[in-house]
Amino acid sequence: MLMRLVLLSLPFAAALASAIPFRGYRHKVKESIHGPPSGWYRHAPAPKHHMLELKIALPQPKFPELEQHLLEVSDPSHARYGAHLSKQETEALMAPHPETLDVVGKWLALHGLAEEDITRSSANDWVTIRVPVGLAEEMLTTVSKHVHTGESIIRTTSYSLPEILHDYIDLIQPTTMFARFKAFKSTLHWTNHTRPADSTPSGSTITGPAGNQVDASCNNTITVSCLRQLYNAVDYNTSATNGNALGITGYLNESTNNVDLQQFYRLQNPSAYGSNYTSVSIHGGKNNQSSEAAGLEANLDTQFGFGLTWPTPGTFFSTGGEPIFNPDLLTGTDTNEPYSYDTIPQSISTSYGDDEQTVPRSYATRVCNGMAALGARGVSIIFSSGDGGVGDGVVYPDKPLGHQCYSNDGLKTPMFLPVFPASCPYVTAVGGTVHIPETAANFSGGGFSNYFHRPSYQDAAVSAYLATLAPGTYNGLYNSTGRAYPDVSSQSASFSVIYQGQATPLDGTSCAAPAFAAFISMLNDARLSAGKTALGFLNPFLYSTGYTALNDITEGRNPGCQTEGFNATVGWDPVTGYGTPNFEKLKDLVLAM
C-alpha cells in the first residue's frame with residue numbers, strides 16, 4: 001500500500017540529513033503497482049551479482065517557469081513568439097535545488113557510491129548509477145525477475161526509500177515499469193484498406209485534397225512524389241545551407257540500411273542519390289549495415305523523411321536500450337548525447353510508443369517535461385499516434401469489451417487505451433489517413449489521456465467535438481478532460497519502402513509521423529531562409545490558426561476495444577486531429593508570423 005509522503009521543508013530536511021545517518025530513517029514505499037501487467041509473471045529472485053543501471057530523477061522546482069516560456073514562445077499571438085531559449089537557459093529551469101543534490105549525494109555516498117561512480121545529466125536533474133542487484137535491494141527493495149513471452153527483465157512491483165528522501169527524489173527507474181515499446185507499423189494491409197485495383201491508364205490523374213491533380217497511381221502506392229503532390233509541395237525546393245535539419249529516431253536495434261536508402265533515392269528521388277546523412281549513436285545504439293540488420297521501421301522513417309526533404313541535412317539517432325523513455329535521450333547522461341548539444345535538428349520524428357498505463361505516471365510526466373524543454377529550445381517534436389484505434393484495434397460492437405481494454409490497477413475497469421508519448425501535451429501527435437479522397441485509417445490511434453489534463457490551447461476544439469457526441473457515448477471508457485490526440489494526420493498506408501533490396505508496402509502511423517515531420521521541416525526551411533526562427537512547439541499554432549491550412553478529414557472511425565471508436569467529422573476529431581497538410585497554405589501562414 002502506498003504510504004503518505006512526509007512533507008518537510010528543504011532546509012529542515014537537509015539539516016536532518018547532514019546530522020543523522022539515513023539508516024536511522026525507516027523506509028517508506030515511494031512507488032508501487034498492483035502487480036505485474038497481464039502476461040508477465042514472477043519467475044525467480046534476481047541474481048545478486050547482476051548489474052542494474054538505475055536512473056534517479058530529481059525534482060525540477062522551476063518547471064512551471066519553463067512551461068510558461070514554452071507557451072509564450074510557441075504562441076503566434078504573443079510578443080515573444082519565436083524567442084526560443086538556449087540550451088543553458090532550459091537547463092537552468094530544469095535544475096534541481098542545490099540542497100537536493102547534497103541530500104541525494106550523501107545517500108549515495110552512504111552506499112559506497114563516490115562521485116566517479118555517478119553520471120549526471122547536463123541539468124543535474126537525472127542521476128545514473130550502475131549497481132549490483134544486491135546493493136539495489138539494500139537501497140530500495142526486493143527486485144525480482146519477471147518473464148513475458150520469452151522476454152525476461154528485472155523489475156519490482158514496489159520500491160521504498162528512506163522517508164527523508166521522498167521530497168528529494170521524484171522516481172527511480174527502471175523498477176516498476178514493464179512497458180515494451182513498439183514501432184507503429186504493420187507489413188500486412190488491413191482488409192478494408194485494400195486499394196482499388198490499378199486499372200487506370202498510365203499518366204491518368206485524380207483530384208487531390210488541395211484541388212490539384214495527383215497521379216492516380218497514388219491511390220495504390222504512396223511514394224515521395226505522391227506525398228508532395230497530395231500535400232501541395234511539388235515545386236518547393238529546400239536549402240542545404242540555411243541551418244535547417246531533420247532528425248529521425250531509431251530504437252530496439254533498428255538500423256537504417258544505406259544500400260536500401262540509395263536504392264530508394266534512385267527510384268523515388270534521383271537527385272538525392274549519392275547523398276548521405278549523419279548517424280549519431282546514443283547509449284550504445286548501433287547502425288549495423290549488414291542486410292540482415294536492416295530495420296523496416298528505420299528504413300521507412302529515413303527513406304521518406306530524408307527523401308522528402310533533401311537536400312536538408314538529416315540525422316539518424318540510433319539509441320540503445322528502450323525507446324524515448326530512456327531519459328538519456330533527453331538529459332545528456334551519455335557523453336555522446338546529441339540533445340545536450342547547442343545545436344539540434346529543428347524537427348524530430350519518432351514512431352514508437354505503448355499503452356499509456358504501462359508507463360508509470362511519474363516517469364511519463366518527467367519524459368513529457370523533457371519534451372517541453374526541447375520545444376522551448378525551438379524543436380518540433382512529432383510522434384505517431386499508434387495503430388490500435390481507441391485501444392486494441394478490434395471491433396465487435398455486439399460483444400463485451402476485449403480483454404486488453406482494462407485498467408491494470410487490479411480493478412480491471414473497462415477503458416480505452418491511450419498511447420504515450422502521443423498523449424503528452426508538449427508533442428504533436430500524427431494520426432493516419434488512407435485513399436484519395438482521404439478518409440481516416442481505421443487503425444489511427446486517438447483518444448484522451450488519463451495522465452495529462454487537456455491543455456488550454458485545445459480547449460475550444462475538443463469541447464466542440466465532445467458536444468457533437470450523443471449523451472452517454474462511451475461513458476466511463478475515456479477521460480473527457482484529458483489531453484486529446486492526435487493533433488494532425490497524414491497518409492499512412494501502402495508506403496513503398498525498400499527493405500533488403502525489395503520494394504515493401506508498409507501501413508501504420510509510423511508512415512504518417514515522418515511524412516508530416518518532413519513537411520514541418522520544409523516549413524522551417526522556408527522560415528529560416530526568410531531570416532525567421534524555427535516553428536518549435538507546433539500545437540499552439542496549429543490550434544489557433546494553422547488548422548485553416550490543413551485538409552479536414554470528415555469520414556472514417558478508429559475502432560477498438562470492441563467498439564466502433566470515435567468518428568472523424570468537420571473540425572478537430574480524435575481520429576485525424578485537424579487533418580493533413582496543405583504545404584503552400586501553411587507556408588503562407590508561417591511566413592506571415
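Further up the page is the structure itself.
In what follows, the accompanying structure is described. In this text, all values refer to a predicted model and were calculated from it rather than measured experimentally.

This paragraph deals with the overall build of the protein chain. In terms of regular secondary structure, the protein chain is built from 14 helices and 28 strands. The buried share among the 593 residues of the protein chain stands at 60%. Within the protein chain, contacts between residues separated by at least 24 positions form 82% of all contacts whose residues are at least 6 apart in sequence. Accessible surface computed for the protein chain: about 22200 Å², of which carbon and sulfur atoms make up 54%.

Within the open sheet, the four strands sit side by side as E4-E5-E3-E9. Their pairing is antiparallel. Bordering the open sheet on either side are strand E4 (118-120) and strand E9 (171-173), each of which pairs with just one other strand. Ignoring which end each strand starts from, the neighbouring axes of this sheet average 25° apart. Where strand E3 (residues 51-57) meets E9, three bridges bridge the pair, whose relative direction is antiparallel. Looking at E9, one finds that Lys 55 is bridged to Gln 173. Relative to E9, helix H10 (residues 361-376) is tilted by about 95°, and along the sheet it contacts E3, strand E5 (126-132) and E9.

On to empty space enclosed by the protein. Taken as a whole and judged by the stated rule, the model has four cavities of 30 Å³ or more. Each pocket or cavity is described by its volume, and for the second largest cavity that value is around 60 Å³. Lining the second largest cavity are 13 residues; nearest its centre among them are Phe 416, Leu 417, Pro 418, Gly 447 and Phe 448. Broken down by element, the residue count for the lining of the second largest cavity peaks at three residues, all from strand E22 (residues 447-453). Looking at the lining of the second largest cavity residue by residue, the classes come out as nine nonpolar, four polar and no charged.

If you look at the biggest cluster of nonpolar residues, it comprises 139 residues, and the most contacted ones within it are Trp 107, Leu 108, Ile 129 and Phe 566. Looking at which element gives the most residues to this core, the answer is helix H12 (residues 509-529), with twelve residues.

Note on placement: Val 359 falls in the loop between strand E17 (352-355) and H10. For Val 359, a relative accessible area of 1% puts it in the buried group. Linking Val 359 and Pro 421, residues 62 residues apart in sequence, is a C-alpha distance of 9.7 Å.

Now for helix H2 (residues 63-73). All buried positions along H2 are accounted for by Phe 63, Leu 66, His 69, Leu 70, Glu 72 and Val 73. Tucked inside the fold, the buried residues of H2 contact helix H3 (87-94) and H10.

Tracing the chain through its elements places Ile 381 in strand E18 (residues 380-384). Residues Ile 381 and Ser 347, 34 residues apart in the sequence, show an inter-C-alpha distance of 6.2 Å. Not counting residues up to four positions away in its chain, the partners in contact with Ile 381 are Ile 348, Met 371, Leu 374, Val 427 and Thr 428.

Among all positions of helix H7 (residues 258-268), only Asp 260, Leu 261, Gln 262, Gln 263, Phe 264, Tyr 265 and Gln 268 are buried. The inward-facing, buried residues of H7 contact helix H6 (224-230), helix H8 (296-309) and strand E25 (495-499).

Another aspect to go through is unusual backbone geometry. Of note, the amide linkage connecting Phe 420 to Pro 421 takes the cis form, showing an omega dihedral of 10°. Locating Pro 421 in the fold gives a position in the loop between strand E19 (419-420) and strand E20 (428-434). Here the residue pair Tyr 485 and Pro 486 is connected by a cis peptide bond, since its omega of 5° sits within 30 degrees of zero. Tracing the sequence through the fold places Pro 486 in the loop between strand E23 (482-485) and strand E24 (488-491). For Asn 232, which is not a glycine, the phi torsion comes out positive at approximately 65°. Assignment of secondary structure puts Asn 232 in the loop between H6 and strand E13 (246-250). Given a relative accessible area of 23%, Asn 232 falls into the partly exposed group. A positive phi angle is found at His 435, which is not glycine, with a value near 70°. For His 435, the location among the structural elements is in the loop between E20 and strand E21 (439-440).

Scanning the entire structure with this criterion turns up three disulfides. Each sulfur of the disulfide joining Cys 218 and Cys 226 lies 2.0 Å from the other. Disulfide Cys 218 to Cys 226: torsion about the S-S bond roughly -90°, handedness left-handed. Across the pair, exposure class does not vary: Cys 218 and Cys 226 are buried alike. Between the sulfur atoms of Cys 368 and its disulfide mate Cys 424 the distance is 2.0 Å. Because the torsion about its S-S bond is 85°, the bridge between Cys 368 and Cys 424 counts as right-handed. With a gap of 56 residues between them, Cys 368 in helix H10 and Cys 424 in the loop between E19 and E20 connect regions that are remote in the sequence. Here Cys 368 matches Cys 424 in class, with each residue buried. Counting its disulfide-bonded cysteines in sequence order, the protein chain shows a connectivity of 1-2, 3-5, 4-6.

Considering all chains together, one arrives at eleven salt bridges under this definition. For the salt bridge of Glu 72 with Arg 80, the shortest nitrogen-to-oxygen distance reads 2.6 Å. Residue classification places Glu 72 among the buried residues on the basis of a relative accessible area of 19%. The salt bridge involving Arg 366 is made with Asp 170; its shortest N-O contact spans 3.0 Å. Residue Arg 366 is located in helix H10, and its partner Asp 170 is located in the loop between strand E8 (158-162) and E9; the two are separated by 196 residues in the primary sequence.

Bringing the packing of aromatic side chains into the picture now. Summed over all chains, the structure comprises 22 aromatic pairs. Three or more aromatic residues joined by ring pairs form one cluster here, namely Phe 416, Phe 448, Tyr 465, Tyr 474, Tyr 478, Phe 566 and Trp 572. The ring of Tyr 406 carries the charged tip of Lys 412 above its face, separated from the ring centre by 5.1 Å.

What follows deals with the pairing of strand E26 (residues 502-506). As defined by bridge partners, E25 adjoins E26 across five bridges and the pair is classed as antiparallel. Across the sheet, the residue bridging to Ile 498 is Ala 503, located in E26.

Parameters at a glance
- Residues numbered from 1 in each chain as written.
- Predicted model: local features only at pLDDT ≥ 70, side-chain atom pairs only at ≥ 80, totals over all residues.
- Heavy atoms only, no water.
- Helix = DSSP H or I, 4+ residues; strand = E, 2+ residues; numbered from the N terminus.
- Buried < 20%, exposed > 50% of the residue type's maximum accessible area, 1.4 Å probe, protein only.
- Contact = heavy atoms within 4.5 Å.
- Areas by Shrake-Rupley, 256 points an atom, 1.4 Å probe, with all protein chains shown as cover.
- Pairing = 2+ DSSP bridges.
- Axes fitted to C-alpha atoms, helices over the stretch in contact; angles between N-to-C directions.
- 1 Å grid on protein atoms, 1.4 Å probe; cavity = no way out; pocket = protein on both sides within 12 Å on 5 of 7 lines; lining within 4 Å.
- Points joined across faces, edges and corners; volume = space filled by probe spheres on them.
- Nonpolar A, V, L, I, M, F, W, Y, C, P; charged D, E, K, R; others polar.
- Core = buried A, V, L, I, M, F, W, Y, C linked by side-chain atoms within 4.5 Å.
- Disulfide = S-S within 2.5 Å.
- Salt bridge = Lys/Arg side-chain N within 4 Å of Asp/Glu carboxyl O.
- Phe/Tyr/Trp six-rings, centres within 6.5 Å; stacked < 30°, edge-to-face > 60°.
- Lys NZ or Arg CZ within 6 Å of the ring centre and 35° of its normal.

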